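An overview of the molecular structure
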Amino acid sequence: TRRYKDEGYSKKVVSQISIHSLIFIDKDICRSFNGKTQFDSKVGLNIEVTEILEVFHIYRPDVSYVQGMTYPAIVLNLIVGKYKAFAIFCNLIIGN
């Protein structure tokens, strides 16, 4: 596990993730590519796409998570990787 200099900050960030959004993200990922082994629960690409969507939820809680966001997140992650995918995903959703 990672250790942060300011444990209070990391707990504050984690507490901002709503349980409902996490449940919706997991369900949506499972539905998006049902039966594909690379997207089995908590394996490989599934983890990266889940992280993209969870961090976006923290970054823009006013937008949060909406069903269907997994599709562009998955495609972007496959093409450019997790970090660039997050930046492009934010610009795509927010419109900057």
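For the structure itself, consult the block above.
These notes cover the structure that comes with them. The shown structure was predicted, so the numbers you read here are calculated from the model rather than taken from an experiment.

Here we look at helix α3 (residues 45-59)
Here α3 is 15 residues long and its end C-alpha atoms lie 21 Å apart, about the 21 Å a rise of 1.5 Å per residue gives. Within α3 the residues assigned to the buried category are N46, V49, T50, I52, L53, F56 and H57. Buried residues of α3 fall within an arc of 155° about the axis and therefore sit on the same side.

A few points about the packing of α3 against helix α4 (residues 70-80)
As a packed pair, α3 and α4 sit with axes 10 Å apart at the nearest point and diverge in direction by 120°. Relative to α4, α3 is oriented oblique. Considering the relative orientation of α3 and α4, their crossing is right-handed. Residues L45, E48, V49, I52 and L53 of α3 lie in contact with α4, whose contacting residues are T70, A73, I74, N77 and L78.

Reading the values: the criteria
Residues numbered from 1 in each chain as written. Predicted model: local features only at pLDDT ≥ 70, side-chain atom pairs only at ≥ 80, totals over all residues. Heavy atoms only, no water. Helix = DSSP H or I, 4+ residues; strand = E, 2+ residues; numbered from the N terminus. Expected span 1.5 Å × (residues − 1). Buried < 20%, exposed > 50% of the residue type's maximum accessible area, 1.4 Å probe, protein only. Arc of directions from axis to C-beta. Axes fitted to C-alpha atoms, helices over the stretch in contact; angles between N-to-C directions. Parallel < 35°, antiparallel > 145°, perpendicular 65-115°, else oblique. Left-handed = near helix turned anticlockwise from the far one by under 90°. Contact = heavy atoms within 4.5 Å.

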